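Summary of structural features
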Amino acid sequence: MSGKPECVDYFEQVLDGRIVACKRIKQLAEMMLDRIEHGYKDWHFDYDYADRPCRFIEKFCYLPSGKLGVPFVLEPFQRAMIQVMFGFVDSKGNRQFHEVLWVQGRKNSKTSTASALMLFMLMADGEGAPQCYVSATSRPQASLAYGAVLKMVRQSKTLSKRLRKGTVAERGEDGIIYDANMGYITPLTNQTRHLDGLDVSFALFDELAACTNRDQY
């Protein structure tokens, strides 16, 4: 790429006051700018890995609510966070970050962004037979994110040609199936006794703040 990564520009604006941010975000900005420039232990920042999910989302995904047919254009803070999540890798391309707690205000597209990332992880992350799960403190809440994924698929000619809705054989649950790599997306029950044996590639736990115990987590 020419110029600096978008996440660098975002964090620089946080630190110089052009973007209003709290103390924690400023601390994160300082830490990430240093690690992007100098690396951290066995990991370095790779822009291609960092921006791959962003390119996927903006090319293939559409907003799941509001005016239909509107392409999903990431806000600067969304692009910065996604690039940090995916951009730090070792010499073999293994990611540093395996778990992310994303906290932000209501109605800022948390569920929509995570749902779009789930589609990327299903189709474009390179894993064979990826198992992608939507979880929450209740089945209806988990169904919101699953529904957002379905709406994105139905609005995209590219995605709708490649994905199908059907029954996930090994779980006996409704899901979105990608036959090309034998992967799927399905919502999880909140009954933890039914969750043994999962080989999780990507899990979205929506509204984690509402969780009353650690069992499902």
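To start, this report covers the structure provided alongside it. Owing to the predicted nature of the structure, the values given are computational and were not obtained by experimental measurement.

As a further point, take the packing of helix α4 (residues 76-87) against helix α5 (residues 110-123). Two quantities define a packed helix pair, namely the angle between the helix axes and the distance between the axes. Closest axis-to-axis distance for the α4/α5 pair is 12 Å, and the angle between their directions is 40°. Judged by the inter-axis angle, α4 sits oblique to α5. As for how α4 packs across α5, the hand of that crossing is right-handed. Counting all contacts with α4, which are made through Gln78, Ile82, Met85 and Phe86, the residues of α5 involved are Thr113, Leu117, Phe120 and Met121. Among the residues making up the contact of α4 with α5, the classes are represented as six nonpolar, two polar and no charged.

Turning to the sheet that holds strand β7 (residues 202-205), a few remarks are in order. Pairing is mixed across the open sheet formed by five strands, whose spatial order is β4-β5-β6-β3-β7. Of all the strands in the sheet, just β4 (164-168) and β7 have a single pairing partner and so form its edges. Direction aside, the axes of adjacent strands within the sheet are offset by 25° on average.

On to a nonpolar patch on the surface, then. On the surface, Leu101, Val103, Leu208 and Tyr217 cluster together into a nonpolar patch covering about 440 Å² of accessible area. Position of Tyr217 relative to the elements: it lies in the segment after β7.

Next up on the list: the pairing of β7. A one-sided burial pattern is seen for β7, the buried positions being Phe202 and Leu204 and the unburied ones Ala203 and Phe205. Two elements, strand β3 (residues 131-135) and β7, share four bridges in a ladder whose sense is parallel. Counterpart to Val134 in the pairing with β7 is Leu204.

This paragraph deals with the nonpolar core. Core analysis: the largest hydrophobic core is formed by 36 residues, its most contacted members being Phe56, Ile57, Cys61, Leu119, Leu159, Leu163 and Ile185. Elements with a minimum of two residues in this core: α3 (47-60), α4, α5, β3, α6 (139-155), β5 (173-178) and β7. Here this core takes nine residues from α5, the largest share from any one element. Setting aside anything within four residues of it in sequence, one finds Leu119 in contact with Phe56, Cys61, Val149, Met152, Val153, Leu159, Leu163 and Ile185. Within the second largest apolar cluster, 15 residues are counted, among which are Phe11, Phe45, Tyr47 and Ala50.

It is the contact of helix α1 (residues 6-16) with α4, at a shortest axis distance of 8 Å, that shows an interaxial angle of 120°. Here α1 is positioned oblique relative to α4, judged by the angle of their axes. Crossing angle aside, the handedness with which α1 passes α4 is left-handed. Contact residues: α1 offers Glu6, Cys7, Tyr10 and Phe11, while α4 offers Pro76, Phe77, Arg79, Ala80, Gln83 and Val84. Of the residues in the contact of α1 with α4, the class split is seven nonpolar, one polar and two charged.

Before going further, it helps to spend a moment on α4. Here α4 contains 12 residues, and its C-alpha end-to-end distance of 16 Å stays within 8% of the 16 Å for a straight helix at 1.5 Å per residue. For α4, a buried count of nine out of 12 residues is recorded, marking the element as mostly surrounded by other parts of the structure. Considering only its buried residues, α4 is in contact with α1, α2 (23-38), β1 (44-45), α3, β2 (88-89) and α5.

Turning our eyes to something else, we now look at the pattern of salt bridges. Within this structure, the stated rule accounts for 10 salt bridges. In this structure, the salt-bridge partner of Asp174 is Lys165, at a minimum N-O distance of 3.0 Å. One network of salt bridges, with partners in common, ties together Asp48, Asp51, Arg52, Arg55, Glu58 and Arg79.

Reading guide: rules and limits
The numbering scheme is per chain: residues are counted from 1 as the chain's sequence reads. Residue-level local features of this predicted model are given only where pLDDT is at least 70; pairs of side-chain atoms are given and counted only at 80 or more, and the full residue set underlies all totals for whole chains, interfaces and linings. To get the side-chain values, take all heavy atoms of the structure and skip hydrogens and water. Angles shown run from 0 to 180 degrees and are taken between the N-to-C directions of axes, each axis being a line fitted to C-alpha atoms and, for helices, limited to the stretch in contact. The secondary structure listing takes helices from DSSP runs of H or I that are at least 4 residues long and strands from runs of E that are at least 2 residues long, numbered from the N terminus. Roughly parallel covers angles under 35 degrees, roughly antiparallel covers those over 145, roughly perpendicular covers 65 to 115, and oblique covers all other angles. By definition, turning the near helix anticlockwise from the far helix through less than a right angle yields a left-handed crossing, and turning it clockwise yields a right-handed one. Should any heavy atoms of two residues lie within 4.5 Å, those residues are considered in contact. Following the grouping adopted for this structure description, the nonpolar residues are Ala, Val, Leu, Ile, Met, Phe, Trp, Tyr, Cys and Pro, the charged ones are Asp, Glu, Lys and Arg, and the polar ones are all others, Gly among them. A pair of strands is considered paired only if DSSP assigns at least 2 bridges between the two. Candidates for patches are residues over 30% relative accessible area with no salt bridge; among them, like charges are joined within 9 Å and nonpolar side chains (Val, Leu, Ile, Met, Phe, Trp, Tyr) within 5 Å. Methods summary: accessible areas were calculated by the Shrake-Rupley approach with a probe of 1.4 Å, and residue burial reflects only the protein chains presented. For this document, the term salt bridge refers to a Lys or Arg side-chain nitrogen within 4 Å of an Asp or Glu carboxyl oxygen. Only protein chains enter the calculation, and the probe is 1.4 Å; a residue is then buried if its accessible area is under 20% of its type maximum, exposed if over 50%, and partly exposed in between. The criterion is simple. A nonpolar core is a set of buried Ala, Val, Leu, Ile, Met, Phe, Trp, Tyr and Cys residues joined through side-chain atoms within 4.5 Å. Multiplying one less than the number of residues by 1.5 Å gives the expected span of a helix.

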